[in-house]
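Examining the three-dimensional arrangement
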Amino acid sequence: MKGTELKYEDLEGLLKGLLDKKTVDCLILPHKVGNNVAYMMVTDKNKIEPPAPAIFAPSFSVNAANIVKGWTIKEKIGIVAKPCEIRAAIELIKLKQIDKESVLLISVDCSGAFKNQDYADHYGEIGDWVDSAKIEELKGKGIAIREACAICDHRLADVGDIGIARVDGEKVLVTGITDMGLDALSAAELSLEDKEIERKGEKEKIAADAKKKEEELAKISSMEELEEFLRDCIVCKNCRDMCPVCYCKECFFDQPLGNPVGGDLLNLSKLRGAVGVPANQLMYHLTRVYHVSTTCVGCGACEDACPKDIPLTRLYPVIAEKVQEIFEYVPGRDVEEPLPFVTYEEEELEDKLR
Amino acid sequence: MGEEAKEDFEPKIIGFTCNWCTYAGADLAGTSRKKYPPNVRLIRLMCSGRLDPMFVLKVLLNGADAVFIGGCHPGECHYIKGNFYARRRIAAIRTILKQFGLDNRVRAEWCSASEGDKFARIMKEMAEDIKKLGPNPMRGKIL
Ligand code: SF4
Ligand code: SF4
Ligand code: FES
C-alpha cells in the first residue's frame, strides 16, 4: 500500500489541495460546532478549518452517504467520513444511486461513536478522541457508545479510495487505496512511499470485541418478541429516511397498498374485523429487514432516528448479518463485487429452501 | 395452539407456483387422480422469479399457516435465470424468518410439469408437517 505520514496540521493542506487542484469540486467534511461536530459541504478552500481532530470525533449525527444519495451529476464530491458511511456510499454506487466516477471516498479511523447529542452533553468527559480503554471507563460512568458501534467490526480506515489512519501522537497515515485515491494524493503533491498498514492484530481485536458485544445484545427470537419489541412504533418511517441504503424513489409504504388511508383503511378493517393502526407496522419492518438485508452496513442511523427510542440495531444489522453470511457478502467491501440479489451460482443454497 | 385441538386443525397453505412447471404438475396430479390433502390454495405465477418475498411476509402475517413455492428445476426456467434469482430471495427471506421461528412454514421445491407424483407427495408432507407445528402464531392477530 502506498501512503505517507502527516502531522495533524498538514491534513488541512491536503484537503485544500484537493479543492485547489480541482480533484474534487466540493468536500463533505466534519467540522466543529460548539461542543459537537457536524458535516458541511465546502467548495471554497478558505472555509476549511483544521480538520483534525474534528474528523476523528466520536460523534455520530447522520450517515454522510445519506447526504450524497442521488449524486449522479458529473461534478465530483469528496467525502471524509467514518468507515460505515463510506461502506454505505459504496453500496449506493452499486445500487446506481451515486455515480462512481463522481465521488472520492475518504475513510477515517473510527473508535466507535456516541450519539451526537450524548457527545455534546458529555464533551468535557469524552474529549476529542477516545480509545477502547477510555470507552470502557466512560461506560462505567453511564456514558456509552451507540449499540451499533459496540458491535461494529469495521472501524479501520481501509475502505474507499483514500484512508486516513491515526497513528501515535498527533499524526496520521494517509494511504491511497484505489487508483483514483492514489491519483488524488499525487495531484495534491504528496510524496508517497510503500507503507505497511495491515494492522492485522488490531483488526482481530476489534472483531473479537464486537462479536462479544453482539452476543450480549438482547435477542428477538419469536414473533411475540418482535411484536413486543415494536410495540411503541408509530410507523413514522424515520428509520427508513435516515437509512443510507434505503433508496426507493417511492417507497411501497408511501403508496395506497402500503399506507392505506380513508376508504382503503376502512375496507381493510372490514375484511379482517380489526386492523392495527397506523397500518402495516410489522409488515413495514419485516419488509425493510428484507430490503436492506444484503446492503445494511450496521451504522445504527435507524436507531438514532427513532423518536420512540426503539433499539433498532438489535433488529436491522443483527439480522442483515445472518443474510450476508449465507452469501458470503460484506457490504462496502469491494465496489466491484456484485450485489447478492443480482447474481447467482448455478449450484447453491439448496439447504436453505426447505 | 388456541382452542383448536391439534388433530382437528386443518392448515391453510398458500402455494405460489410457476405456470410452466409446478402449476402444470399440480394439474397433472389432479387429472391423474393422485390423492393429496386439500389444504393448499395455489396462486399461479409466470415464473418463480416473480415471487416477491413480500408475498411470503404478507401471507404469514395475514395468518395462513404456511407458504409453498414451486418452480422449475434449476437450469430449466423458461426465462433462463428466474429460478436462480428466486432461490437467492427465498434463502434470504427464510434466513430472516428463522430468527422468529417461522422459517419452517416456508418450503420451496423444484417440481416439473411431469412430476404430478412429486407434487402430491410434497403436499401430503407439508400438510402433515404443518399439522404437527400447529397454527401460525400470527393467526387472528390484530395487525
Ligand atoms: S458503526 Fe462502526 S464505523 Fe460507524 S460510527 Fe460506529 S464504530 Fe464507527
Ligand atoms: S423510526 Fe421508530 S417509530 Fe418511526 S417507523 Fe422506525 S421504528 Fe417506528
Ligand atoms: S419459468 Fe418456471 S421457474 Fe422460471
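Scroll up for the structure.
Residues numbered from 1 in each chain as written. Chains lettered and ligands numbered in written order. Predicted model: local features only at pLDDT ≥ 70, side-chain atom pairs only at ≥ 80, totals over all residues. Heavy atoms only, no water.

Points about the interface of chain A and chain B
The interface is formed by 41 residues belonging to chain A together with 34 residues belonging to chain B. The interface formed by chain A and chain B includes four salt bridges. Between Glu350(A) and Arg87(B) there is a salt bridge, with the nearest N and O atoms lying 2.9 Å from each other. Here chain A and chain B share 17 residue pairs in polar contact (both at pLDDT 80 or more) between them. The set of elements that each furnish at least two residues to the side of chain A that touches chain B consists of helix H10 (223-229), helix H13 (281-291) and helix H15 (316-326) of chain A. Among the elements that take part in the side of chain A that touches chain B, H13(A) stands out by supplying seven residues, more than any other. Looking at the side of chain A that touches chain B residue by residue, the class counts come to 23 nonpolar, seven polar and 11 charged. (Contact = heavy atoms within 4.5 Å. Salt bridge = Lys/Arg side-chain N within 4 Å of Asp/Glu carboxyl O. Polar contact = N/O pair within 3.5 Å; in protein donor to acceptor, adjacent residues only side chain to side chain. Helix = DSSP H or I, 4+ residues; strand = E, 2+ residues; numbered from the N terminus. Nonpolar A, V, L, I, M, F, W, Y, C, P; charged D, E, K, R; others polar.)

Some words on the environment of Glu85(A)
All names here are of chain A. You can see glutamate 85 is positioned in helix H3 (residues 83-94). Considering only alpha carbons, one finds glutamate 85 and threonine 287, 202 residues apart in sequence, at a separation of 23 Å. Setting aside anything within four residues of it in sequence, one finds glutamate 85 in contact with Tyr39, Phe60, Val62, Asn63, Ala64 and Ala65. At 2.8 Å, the side chain of glutamate 85 forms a polar contact with the backbone nitrogen of alanine 64.

Observations regarding a negative patch on the surface
Residues and elements named next belong to chain A. Taken together, the side chains of Glu328, Glu345, Glu346 and Glu347 make up a negatively charged region of the molecular surface. Residue placement: glutamate 328 occurs in the segment after H15. The exposure class of glutamate 328 is exposed, given its relative accessible area of 66%. (Patch = residues over 30% accessible without salt bridge, like charges linked within 9 Å, V, L, I, M, F, W, Y side chains within 5 Å. Areas by Shrake-Rupley, 256 points an atom, 1.4 Å probe, with all protein chains shown as cover. Lys, Arg positive; Asp, Glu negative; His and termini not counted. Charge placed at Lys NZ, Arg CZ, Asp CG, Glu CD. Buried < 20%, exposed > 50% of the residue type's maximum accessible area, 1.4 Å probe, protein only.)

Brief notes about the site of ligand 1
Surveying the vicinity of ligand 1 reveals 13 residues, the closest of which are Lys82(A), Cys84(A), Cys110(A), Cys149(A) and Cys152(A). Within the shell around ligand 1, the residues separate by chemical class into seven nonpolar, three polar and three charged. (Near = heavy atom within 4 Å.)

Regarding unusual backbone geometry
Put simply, Ala52(A) and Pro53(A) share a cis peptide bond, and its omega is 10°. Inspection of the secondary structure puts Pro53(A) in the loop between strand E3 (36-42) and strand E4 (59-60). Cis geometry marks the peptide bond from Val277(A) to Pro278(A); its omega dihedral reads -10°. Note on placement: Pro278(A) falls in the loop between helix H12 (262-272) and H13. Even without glycine at this site, Asn280(A) takes up a positive phi of about 70°. With respect to the element layout, Asn280(A) can be found in the loop between H12 and H13. A positive phi angle, near 70°, is found at Ile80(B), a position not held by glycine. Looking at where Ile80(B) falls in the secondary structure, it is placed in the loop between strand E3 (66-71) and helix H3 (82-99). Look at Ile80(B) and you get exposed, because its relative accessible area is 59%.

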